[in-house]
Every structure is written in C-alpha cells, then in structure tokens.
Amino acid sequence: MACNRSERLMKLAERLHLYNPFDTSSNTINTQSQNQEFVPKKQELGTDPIANNNNSNSIRSKSNRAAVLVCLFEDQQGHLRVILTKRASTLSTHSGEVALPGGKVEEGDADDIETALREAEEEIGLDRSLVYVVTVLESFTNKGITVIPVVCILWDRNTFNPLRNTAEVAAIFDAPLEMFLKDENRREEEREHMGDKYVLHFFNHETENEKYIIWALTAGILIKAASIVYQRPPDFQERRPRFWSRSLQ
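Treat the numbers as computed from the prediction; the structure is a model and nothing was measured.

Asker: Mind laying out the pattern of salt bridges, listing which residues take part and the relevant values?
Answerer: A side chain of one charge can pair with a side chain of the opposite charge if their charged atoms are brought near each other. For the structure on display, the rule yields 20 salt bridges. A salt bridge links Arg187 to Glu189, with the shortest nitrogen-to-oxygen separation between them at 3.0 Å. Using a relative accessible area of 27% as the deciding quantity, one classes Glu189 as partly exposed. Close ionic contact of Glu190 with Arg239 constitutes a salt bridge, the shortest N to O distance being 2.6 Å. Here Glu190, found in strand β9 (residues 186-193), pairs with Arg239, found in the segment after α4 (216-230); they are 49 residues apart in sequence, far enough to count as distant. With relative accessibility at 52%, the residue Glu190 sits in the exposed group. On the accessibility criterion, Arg239 (32% relative accessible area) is partly exposed.

Below, the structure is given as structure tokens:
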C-alpha cells in the first residue's frame, strides 16, 4: 500500500532505530550512521530486546507482563501526535481512564512488539502494515505488571481508519507529543509510597469538544517518549516513583 513518508518522519525513524533502552547515554541517540540512507526494513518480530538483555525466560511471565503502543504520526502542520484511547467504563480495571493501546502478553505472542501490535489492532483497528516499529523503551512496573512501551511510526494518518472495540474502548483520540514536556495544562500531586516521595502528573487535553486527563503511568511513558524524541528533558521536575523502575539484572 502506497503512503506518504515525510523526510522528517524518515529521519526520526532512523534516529529512534538506534535507541538502546539499556544504555543511558543513548537518550541523546548519537546517529553514527547519519550519512547513510534510511530504508525501512520488514518488521522483525522474532526478538525480545528485554528478554535478550536479561538472558532469562522468567521475565516473560505472561501473567505479569504487558506492552503498549506509542504510535506517532505527523499532523498537517508537521507536528508529532500520539494516538490514545479512553478505556470503557465497563472495564474492571482503570475504567474510564486514558491509556495507550495495549494489553497483556497472550499465548502465541512472539515478543513485546507482537503484543503491542496485536492489542492495537484489537482495540482500535490499527493494521500493523501501516506502521513501522522503531524501538522499545525501558520497562515500567506498576502494581506488579511490567509494561513495555513499543514506539512505532504511522507514516500516513489518512491510511488509518479507526475501528473502536466498544467492549474495551470508549473513545479514540490523539494529542501533541510535545505537550508532555511543557508546563502547560498540567498539574501535579505529590504522593508517598514506602518512604519514597514522588509526583504524579496530570495533563489536560481537549479535542472535538471532549476533555481528557492523561495521568499516572500513561503520562510517565509519554514524558519518557517525548524526552527521547525531542532530545530534551521536560520543563518541570519529573520525580517519578521508584516502583515504576526495576532492575533487569
């Protein structure tokens, strides 16, 4: 299927493709191959970067592992946006909250990338042939669940016709990625867990006369993704909870 691929998105894909979640210096992503032409390859779904780094099968316990899709695209002004959902009010957990498309690992999933793509197709009708996965980010742990953010690029937003799974999703919308680095339309709450004082960030977003609040783990993942994409820290002090991070050693 032919689609538009802007030069800016191609360069972004090249840079993010070099990101290594286990190398703290790669947050700036030194583009050693910047003089080479970037040609998107066929999706490689047979590897699990997290598991390969750990050399352990136990980390892929299907009962406590999940993946979410950070799907980026350009709007008509050339600004990056990310696809989000509002969870159905009938769900037993996190009902009515804003989330990234994704869910738990299931039997048959080859890796975290496969999980994220499958869940996005089931929840919002995103055909995996329309996107290109560029990297995975460091894992986040919340309430015993290890969540792996998978970053992909939707080359042409016009090729995606959302199909909402009404049993799981109340709404599909998108937001500017850069908003998660700005100290605008944002509030914070300080909390404490086992002596660790941390901050939860709440981002207010309005689109098509609907108001959404993006907070907690979803906000944390998007702050991280935006920091990597734009190669700068947020305009505010993040102070994320320690329990979101866990050792992969």
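Asker: Describe unusual backbone geometry, naming the residues involved and giving the relevant values.
Answerer: Note: most residues except glycine have negative phi, and most peptide bonds are trans. Here the phi dihedral of Met194 falls at roughly 50°; this positive angle occurs in a residue that is not glycine. Here Met194 lies in the loop between β9 and β10 (196-207). The phi torsion at Gln231 lies on the positive side, around 55°, for a residue other than glycine. Relative to the assigned elements, Gln231 resides in the segment after α4.

Scoring rules and cut-offs
Residues numbered from 1 in each chain as written. Predicted model: local features only at pLDDT ≥ 70, side-chain atom pairs only at ≥ 80, totals over all residues. Heavy atoms only, no water. Salt bridge = Lys/Arg side-chain N within 4 Å of Asp/Glu carboxyl O. Buried < 20%, exposed > 50% of the residue type's maximum accessible area, 1.4 Å probe, protein only. Helix = DSSP H or I, 4+ residues; strand = E, 2+ residues; numbered from the N terminus.

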